[in-house]
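Each chain is listed here by its residues.
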Amino acid sequence: MSQAASHPSASPGASHPHPFDLKRCRADYPALRDKAYFNYGGQGPLSAGAIATISDAFQELQHLGPFGRGAGDWVERTTAQLRQALATELGVTPGTITLTENVTMGCNIALWGVDWKPGDRLLLSDCEHPGVVGTVQEIASRFSVKVDLCELAHLRDGAAIAAAVIQAIGPNTRLVVLSHLLWNTGVLLPVAELTRAMAAIPAARSRQLLLDAAQSVGSIPLNLEELGVDFYAFTGHKWLCGPEGTGGLYVRPGSDLRPTFIGWRGVTVDAIGWTNGLRDDGRRHEVATSAYPLYAGLSRAIADNNRWGSARDRFERIKTIAAYLWQRLGEVPRVTRLQLQEPDAGIVPFWVDDGTPQIHQRWSAHLEQQGIFVRTIAHPPCLRACVHHFSSEGDCDRLVAALEAGLG
Ligand SMILES: Cc1ncc(COP(=O)(O)O)c(C=O)c1O
């Protein structure tokens with residue numbers, strides 16, 4: 001067992017005496033030591049403890065014997081622990097969680113699992129991620145489904161977005177596909193209001209809501225049972241700060257979803273080993289062998305986050321830092337903020353000068369040379385800075401100073 005793995009945060013739920021003791025919190029993350037990091041919406045940093053947990057898990061499985069009974073028990077235990085940890089984060093029961101490898105796979109399970117009929121309509125926003133859009137396009141052509149595009153990129157608040165979405169839903173709208181926290185403009189969808197309003201619109205066949213939760217899981221407090229969403233796809237490697245190759249999908253019990261990808265993890269077998277059906281919980285959408293040590297790494301990452309306060313505490317901290325960055329960017333000549341008021345969560349988009357993609361590409365590269373990590377967004381064209389609960393005012397000041405120096 002390496003030193004980092006025996007860190008006290010290894011025990012999930014261990015409390016920390018100094019919430020948001022930034023110096024100690026940041027010291028856990030090798031990537032944060034020399035960088036002003038603003039790409040949490042792309043990928044979160046791994047804590048030293050999470051890295052050690054993954055490495056130790058690979059070693060432990062070799063030690064136990066990779067395909068032995070001991071290893072099998074370890075896999076079962078580790079998988080159950082992760083499912084429970086994710087369910088707690090989402091405010092749901094473990095049986096509603098399917099483990100996937102990323103957000104896109106979760107969206108694919110929901111998108112392909114609808115029993116599409118010609119003439120059905122799918123409502124998609126113009127703020128969805130390219131992989132989701134590509135899947136929707138293929139479904140449209142394969143099943144003669146009509147796609148309605150709801151333009152949200154120009155809207156700056158959740159209420160306006162909910163109103164636009166409701167307006168765009170018709171009787172044949174079978175599935176509504178949106179992001180909970182828009183990855184480009186950083187607007188947070190008022191999901192509970194939306195699902196209530198959706199329920200009042202007549203539907204020719206059952207209508208469901210799929211949320212892409214790439215930016216919300218790990219950044220905002222969640223209780224999916226209260227939100228009333230049908231499908232909620234998320235990833236471990238962004239705001240949860242887990243390893244790449246981990247993610248999940250929540251499926252509301254009673255929702256209308258057929259499995260598309262089927263494998264031994266999702267089926268039950270009879271006494272002679274013959275497949276006799278699908279499991280009756282979230283495991284039915286899981287397929288086959290995965291990199292199980294990553295599951296241990298994601299559980300550890302979740303436990304590490306929880307050391308710094310409740311989901312609500314961490315969200316308040318994220319909003320405070322985001323508001324600070326938003327204020328400071330407002331002081332920089334030739335920088336324009338997309339948001340008209342303090343950000344809803346941790347995403348703070350802005351543009352420089354006339355905001356062409358070329359200018360932003362140059363700025364992103366120029367800032368990275370100075371150890372400041374922000375990414376470009378194509379639509380609407382902008383630079384995107386994300387702040388986490390362990391971001392500091394110092395990070396924000398560094399970004400602002402580099403912009404001021406470069407813009408002269
Ligand atoms: C809104 C949104 N959806 C989907 C993705 C893709 O994530 P993944 O690679 O986990 O599927 C991203 C990643 O940036 C995203 O921001």
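A. A look at the overall build of the protein. On a plain count of helices and strands, the protein comes out with 12 helices and 15 strands. For the protein, the C-alpha radius of gyration of 22 Å lies close to 22 Å, the compact-globule estimate for 408 residues. In the protein, 71% of the contacts between residues at least 6 apart in sequence involve partners at least 24 apart.

B. Here's a closer look at the site of the ligand. Residues in contact with the ligand amount to 14 residues; listed here are only the nearest, Asn102, Thr104, His129, Ala214 and Thr235. Of the residues that constitute the shell around the ligand, the class distribution is 3 nonpolar, 10 polar and 1 charged.

C. Fine view of the domain arrangement of the protein. By the assigned domains, the protein splits into domain 1 (83-303) and domain 2 (311-407). Facing the 14 residues of domain 1 at the interface are 18 residues of domain 2. Looking at the side of domain 1 that touches domain 2 residue by residue, the classes come out as 7 nonpolar, 6 polar and 1 charged.

D. Representation of the nonpolar core in the model. Ranked by size, the top nonpolar core spans 109 residues in total, and within it Val177 and Tyr232 carry the most contacts. Looking at which element gives the most residues to this core, the answer is helix α9 (residues 292-306), with 7 residues. When near neighbours in sequence (up to four residues on either side) are disregarded, Val177 contacts Leu122, Leu123, Leu124, Glu128, Val132, Val136 and Leu210.

E. Focus on the sheet that holds strand β15 (residues 382-386). With respect to topology, 4 strands assemble into an open sheet ordered β11-β12-β15-β14, the strand pairing being antiparallel. Strands with a single pairing partner mark the edges of an open sheet, and in this sheet they are β11 (335-337) and β14 (375-377). Taken pair by pair, the neighbouring strands of this sheet meet at an average axis angle of 40°, ignoring direction. Bridge count between β14 and β15: 3 bridges; the pairing is antiparallel. By the bridge assignment, Ile377 is partnered in β15 with Cys382. Of the strands in this sheet, β11, β12 (347-352) and β15 touch helix α10 (residues 311-329), which is tilted by about 15° from β12.

F. Region of interest: the packing of helix α4 (residues 103-113) against helix α5 (residues 130-143). Where α4 contacts α5, the two axes come as close as 10 Å, and the packing angle between them is 20°. Judged by the angle between their axes, α4 and α5 are roughly parallel. Considering how the two elements wind past one another, α4 and α5 form a crossing that is right-handed. Touching Thr104, Cys107, Asn108, Leu111 and Trp112 of α4 are Gly131, Val132, Thr135, Val136 and Ile139, all from α5. Its residues assigned to classes, the contact of α4 with α5 shows 6 nonpolar, 4 polar and no charged.

G. Broad picture of the packing of helix α6 (residues 158-168) against helix α7 (residues 191-199). Contact pair α6 / α7: the axes reach a minimum separation of 10 Å and the direction vectors enclose 20°. In terms of axis orientation, α6 runs roughly parallel to α7. The crossing of α6 and α7 is right-handed. Between α6 and α7, the contacting residues are Ala162, Val165 and Ile166 on the first element and Glu193, Leu194 and Ala197 on the second.

Calculation notes
Residues numbered from 1 in each chain as written. Predicted model: local features only at pLDDT ≥ 70, side-chain atom pairs only at ≥ 80, totals over all residues. Helix = DSSP H or I, 4+ residues; strand = E, 2+ residues; numbered from the N terminus. Rg over C-alpha atoms; globule rule 2.2 N^0.38 Å. Contact = placed C-beta atoms within 7 Å. Near = placed C-beta within 6 Å. Nonpolar A, V, L, I, M, F, W, Y, C, P; charged D, E, K, R; others polar. Domains from an automatic or database assignment. Core = buried A, V, L, I, M, F, W, Y, C linked by C-beta atoms within 7 Å. Buried ≥ 20, exposed ≤ 12 C-beta atoms within 10 Å, placed from the backbone. Pairing = 2+ DSSP bridges. Axes fitted to C-alpha atoms, helices over the stretch in contact; angles between N-to-C directions. Parallel < 35°, antiparallel > 145°, perpendicular 65-115°, else oblique. Left-handed = near helix turned anticlockwise from the far one by under 90°.

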